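If you want the building blocks of each chain, they are given just below.
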Amino acid sequence: MRLDLAGVSAVIDARPIIDDVDVTAGPGEFVALVGPNGSGKSTLLRTVYRSLRPSGGVVRLDGQDLWRMRPRQAARHRAVLPQHNQVADGLSVAEVVATGRHSHKRPLDRENETDRAMVATSLERVGMGWAADRLMTTLSGGERQRVLLARALTQQAPLLVLDEPTNHLDVGSQLLLLELIRSLGLTLLAALHDLDQAAAYADRVVVLRDGRVAGQGPPLEVLTPAFIEEIFGVRAHVGPHPITGRPHIAVAPAR
Amino acid sequence: MTDTLTAPPRTRPAPSRRPHLISGPATGVLLAALAAGLVAALVVGISVGSVNLPLGQVWGVVWAHLSGRGAQADPLLGQVVWEIRTPRALLAALAGAGLSVAGVALQALVRNPLADPYVLGVSSAASLGAVLVPAIGSTMLAGTLGVTGAAFAAAMVSALLVYLLAQRAGRLLDSWLVLTGVAVGYLCTAATTFVQLQLNPNELQGMMFWLMGSVAGASWQDLGVPAVLIVVCMLWLALQARALNALLAGEEAAIAIGVPVATLRVGLLVAGSLLTATVVSVVGGIGFIGLMIPHMARFVVGADHRRVLPVSLLAGALFLVLVDLAARIADRPNELPVGIFTTGLGVPFFLWLLRRRARGGADAA
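The numbering scheme is per chain: residues are counted from 1 as the chain's sequence reads. Lettering of chains starts at A and numbering of ligands starts at 1, both following the order in which they are written. Local features are withheld for residues below a pLDDT of 70 in this predicted model, meaning they are given only at 70 or higher, and side-chain atom pairs are given and counted only at 80 or more; totals for whole chains, interfaces and linings count all residues.

(A) The arrangement of the overall build of chain B in detail. Each helix is a run of H or I in the DSSP string that is no shorter than four residues. Each strand is a run of E no shorter than two, and both are numbered from the N terminus. Looking only at helices and strands, chain B features 15 helices and two strands. Restricting to contacts in chain B with at least 6 residues of sequence separation, those with at least 24 account for 76%. Contact between two residues is assigned whenever their backbone-derived C-beta positions fall within 7 Å.

If you want it as C-alpha cells, here you go:
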C-alpha cells in the first residue's frame, strides 16, 4: 500500500493548520511524523483518518482518493490507532476488537467463524490473547493500547496510521508497542513525540513546523544536531545507541 | 508479514470470571424470561384494578374481544376491562419500552452515562406544548392538534432547535448537545410555569396530572403511533448495533473503523427525540426509566448494543407495567402518581445493582 498526500492543506475554525504538505509512504515503510506541539502532526493525520476533510490537496491510497471512498471501503484500506480513545465501560476485550470487523460486515451480517478467528489471531499477535474475556476497564494503559492495535489489525488494512501511540505508556510498553508495529509488515504513518524513538524505528522521518514540511528523509540525514536545534530549540547528540546500535538521539536544554 | 515479537509480552493469569453477568446463549434465556415476565405482568395488570372484578369474567371479556365477539360482553364489565384496563396496561408497556430505547439511543449519541430521554429538553418542551393548549384556547390549537399533538409538536420543535444550535461545521458536538438541551429545557420549564399562572384552577387540575406523568386514561387510539414508532426505531437501531459499539470508543475511533459517524448521530437524535416526544405526549413526563433501564441492562449483559437494545426494550416495558400496577393497588381505590413508584422502586434496585457490581469486582479498575 502506497500512501500519497499531495499538497494537503487543512483549516480548523477558519485558521489554516497545515499548508501544502506532501508526504509519501511506500509499501511496508515506517514514516514518522515529528515536530513541536502545534506543528500540525495530528491535523495531518486526521486528514488520513477521514475525521477532517482537507481544504486543499488530495490523500491517495494506491492512487485512489481516500476521501472519495465509502466509509467502510476506506476502513478496509487504512486502520487507525487514534490518540483519543475512550475506554468503553462494559465491553470485553474481544468485543472491542470485534468492532474492527465493521468494515467487512453488512448491517444484517452476523459475526461468523472468520470474524472470531480474526479477533483471536489479532489478539495473539499483540500478545493479548489471554485477555479476550476481560473487561477493557481492567487493563493497564499499555495493554489497552495493544488491544486497540489488535482492533486495527482486524480491519485487514495494509496502511496503519498512529497518533502518538506511545503517549502515557511506561517505557517497557512503549518499546514493546514500537517493536510490535514494526513487525507487522504494514505501511506505517505515525506521529511520534520522542525523536529518539523516531530515529530508532522509522525508515523515514517527516519534520513539520508551523504546518509545513521542514525536512524529510532517512532519520540520520534529517535529524542532525543543527536541524534539531533549529526546530525544537534543544541541543542534540546523534550517534549509535549504546545498547542496540540503532540511531540514537540524546537531547539537552538549549544553552 | 512476520509474527515474531522481539520482546515477549507480559502475561497475566487467565480470568476466572466471564466479563458480563450474563453472556452468550444465556442472553437468549434472559430475553425469553423478560418476555414471559412481560406477558405475565400484562395479564396481572388487566386482572387487577382499583375495583375487584372476578377473574373469570375479566378474561371472558378479553377472550370475547380477541375472538371478535366483543359486542356480546357485559357492557359495564366490557367497558372497564377492554376500554380501560387493557389499553392502559399496553400503553404502560409501550411507554416503558419507548423511553428505555430512547435512553439507549441518546446515551450513545452524547456518550454520556447521565443522558436520558429528557436531556435534550424534549420533555420540558412537550409539557409547554401541552399547557399552551388551554392557555391559548381550544379554538386555535386544540381544534387542530389536541393536547397530545401540541405536546408532540413542541417536543419536535425543541429537538430541532437543539440540533441546529449544537452543531459546528456540520458536526454535532457531544458537550454542546447536552448543554443546549439543558438550556432549552430550562427555558421551556420557565415558560410552562408562566403559562400555568395564567390558567384557572380547573384547567390547572388537568395539567397537573399530565405534568406528573400517568398512563391512566389510556385508550386504544393512544397505542398505534407509539407502537409503530417503537418498532421502526428499534429495527433501525438494531441495524446500527455494531456501529453503536464502535462509537463507544469515541468519534475518531468510530470513523477510523468505517462508521459514518455524522449520519449515525443525526439518526440517533431523530430516533431518540421521536420516541421521547411520542411517549411524553401520551403519558406525560415519566422520569427515571430512560436513564436507569439501559444502565441496568448494561450491568447485566455488558455494553454490546446487540444485547443492550432488546434487553432494555423488554425490561423497560416490564418495569412500567409493574410500576403502574403498584400505583393502582397500593392505596386502593385511590391511584398514586406513577412517577412516585418509578423512582421509589427503581432507585433502590438500581443502587443494589450498582453496589453488587462493584463488589463483584468484574471491572474494578
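And the narrative resumes.
(B) Focus on the overall build of chain A. Along chain A, the regular secondary structure elements total nine helices and twelve strands. Note that the radius of gyration is over C-alpha atoms, with the globule rule given as 2.2 Å times the number of residues to the power 0.38. A compact globule built from 255 residues would reach a C-alpha radius of gyration of about 18 Å, and chain A, at 19 Å, matches this within 12%. Residues with at least 20 neighbouring C-beta atoms inside 10 Å of their own are called buried, those with 12 or fewer are called exposed, and the rest are partly exposed, where every C-beta is derived from the backbone. Counting every position in chain A, which comprises 255 residues, the buried fraction comes to 49%. Here the contacts in chain A between residues at least 6 apart in sequence split such that 65% fall between residues at least 24 apart.

(C) Representation of the interface of chain A and chain B in the model. Listed per partner, the contact involves 42 residues of chain A and 37 residues of chain B. Of all the secondary structure elements, the ones that give two or more residues to the side of chain A that touches chain B are α2 (71–77), β6 (78–81), α3 (93–98) and α6 (171–182) of chain A. Gly is placed with the polar residues, together with every amino acid not listed as nonpolar (Ala, Val, Leu, Ile, Met, Phe, Trp, Tyr, Cys and Pro) or charged (Asp, Glu, Lys and Arg). Tallied by class, the residues present in the side of chain A that touches chain B amount to 17 nonpolar, 16 polar and nine charged.

(D) Highlighting the environment of S140 of chain A. Residue and element names in this part refer to chain A. Position of S140 among the secondary structure elements: in the loop between α4 (113–125) and α5 (141–153). On the neighbour-count criterion, S140 (14 C-beta atoms within 10 Å) is partly exposed. When the C-alpha positions of S140 and S173 are compared, they lie 9.9 Å apart, and in sequence the two are 33 residues distant.

(E) Inspection of the pairing of strand β1 (residues 3–12) of chain A at higher detail. Residues and elements named next belong to chain A. Strand pairing is assigned whenever DSSP detects at least two bridges linking the two strands. Two strands pair when backbone bridges link them, and β1 and strand β2 (residues 15–25) are joined in this way by seven bridges, in the antiparallel orientation. The residue of β2 that forms the bridge with D4 is T24. As consecutive antiparallel partners, β1 and β2 are separated by two residues, and within that stretch D13 has a phi angle of approximately 50°, a positive value. Bridge analysis of β1 against strand β4 (residues 56–61) gives five bridges, and the strand direction is antiparallel. Counted as the bridge partner of L3 is L61 from β4.

(F) Main features of α6 of chain A. Residues and elements named next belong to chain A. Any helix carries an expected span of 1.5 Å times its number of residues minus one. Spanning twelve residues, α6 covers 17 Å between terminal C-alpha atoms, matching the ideal 16 Å at 1.5 Å per step. When α6 is considered as a whole, its buried residues turn out to be S173, L176, L177, L178, L180 and I181. Buried residues belonging to α6 abut α5, β7 (159–163), β8 (187–191) and α7 (195–201).

(G) Region of the structure containing the nonpolar core. Structurally, a nonpolar core is described as a collection of buried Ala, Val, Leu, Ile, Met, Phe, Trp, Tyr and Cys residues joined by way of C-beta atoms within 7 Å. Among the nonpolar cores identified, the biggest contains 197 residues, and L160 of chain A together with A95, V101, A155 and V321 of chain B are the most heavily contacted of them. Ignoring any residue separated from it by four or fewer positions in sequence, one finds V101 of chain B in contact with I230, C233, M234, L237, L275, L309, S312 and L313 of chain B.

(H) Structural view of the pairing of β8 of chain A. Residues and elements named next belong to chain A. Along β8, five of the five residues are buried, which leaves the element largely enclosed by surrounding structure. Both faces of β8 are covered, namely the face carrying T187, L189 and A191 and the face carrying L188 and A190. By the bridge criterion, four bridges tie strand β3 (residues 30–34) to β8 in an arrangement that is parallel. The residue bridging F30 from the neighbouring strand is L188, located in β8. As paired elements, β7 and β8 share five bridges and run parallel to each other. Paired with L162 across the two strands is A190, which belongs to β8. A crossover connection joins β7 to the parallel β8 through α6; in handedness this β-α-β unit is right-handed. With strands facing away from the observer, any crossover in which the path from the first strand over the helix to the second runs clockwise is taken as right-handed.

(I) Inspection of the sheet that holds β1 of chain A at higher detail. Spatial ordering of the open sheet is given by β2-β1-β4-β5 (chain A), a layout of four strands whose pairing is antiparallel. Of all the strands in the sheet, just β2 and β5 (64–65) of chain A have a single pairing partner and so form its edges.

(J) Focus on the confidence of the model for chain B. Residue and element names in this part refer to chain B. You can read pLDDT as the predictor saying how much it trusts each residue, on a scale of 0 to 100. Averaged over every residue, the pLDDT of chain B is 82; the share at 70 or more is 87%. Taken as a whole, residues 1–8 scores under 50 in pLDDT and shows 14 contacts with residues more than four places along the chain or in a different chain. Every residue in residues 360–365 is under pLDDT 50, and counting partners more than four places away or in other chains gives nine contacts. Scored as a complex, the prediction yields pTM 0.87 and ipTM 0.87.

(K) A look at unusual backbone geometry. All names here are of chain A. At H168, a residue that is not glycine, the phi angle is positive and equals roughly 65°. Inspection of the secondary structure assignment puts H168 in the loop between β7 and α6. Unlike most non-glycine residues, D210 shows phi in positive territory, near 50°. If you trace the backbone, D210 turns up in the loop between β9 (204–209) and β10 (212–217). Using a count of 14 C-beta atoms within 10 Å as the deciding quantity, one classes D210 as partly exposed.

(L) Structural context of the sheet that holds β3 of chain A. All names here are of chain A. Spatially, the six strands line up as an open sheet ordered β6-β7-β8-β3-β9-β10, and their pairing is mixed. Among the strands making up the open sheet, the edge pair consists of β6 and β10. Neighbour to neighbour, the strand axes of the sheet diverge by 15° on average, direction disregarded. Bridge analysis of β9 against β10 gives five bridges, and the strand direction is antiparallel. Fitting a line to C-alpha atoms yields each axis, with helices limited to the stretch in contact; the angle taken between N-to-C directions then spans 0 to 180 degrees.

(M) Up close: the environment of A254 of chain B. Residues and elements named next belong to chain B. With respect to the helices and strands, the residue A254 is situated in helix α11 (residues 251–257). The spacing of A254 and L99 is 155 residues in sequence and 26 Å in space, taken between C-alpha atoms. With sequence-adjacent residues up to four places away left out, A254 is seen in contact with A246, L247, A249, V259 and V261.

(N) Main features of helix α4 (residues 122–136) of chain B. For α4 of chain B, with 15 residues, the first-to-last C-alpha span of 21 Å sits near the 21 Å given by 1.5 Å per residue. Counting buried positions along α4 of chain B yields 13 of 15 residues, so the element is predominantly enclosed.

(O) Geometry of the packing of helix α6 (residues 146–165) of chain B against helix α7 (residues 174–198) of chain B. All names here are of chain B. The interhelical angle for the contact between α6 and α7, taken along N-to-C directions, is 140°, at an axis separation of 9 Å. Between α6 and α7, the angle is such that the two are oblique. α7 is crossed by α6, and the crossing has right-handed handedness. Touching S158, L161, V162 and L165 of α6 are L177, T180, G181, V184 and C188, all from α7. Of the residues in the contact of α6 with α7, the class split is six nonpolar, three polar and no charged. When describing relative orientation, an angle under 35 degrees is termed roughly parallel and one over 145 degrees roughly antiparallel, while 65 to 115 degrees is termed roughly perpendicular and anything else oblique. Each crossing gets its hand from how the near helix is turned against the far one by less than a right angle, where anticlockwise is left-handed and clockwise is right-handed.

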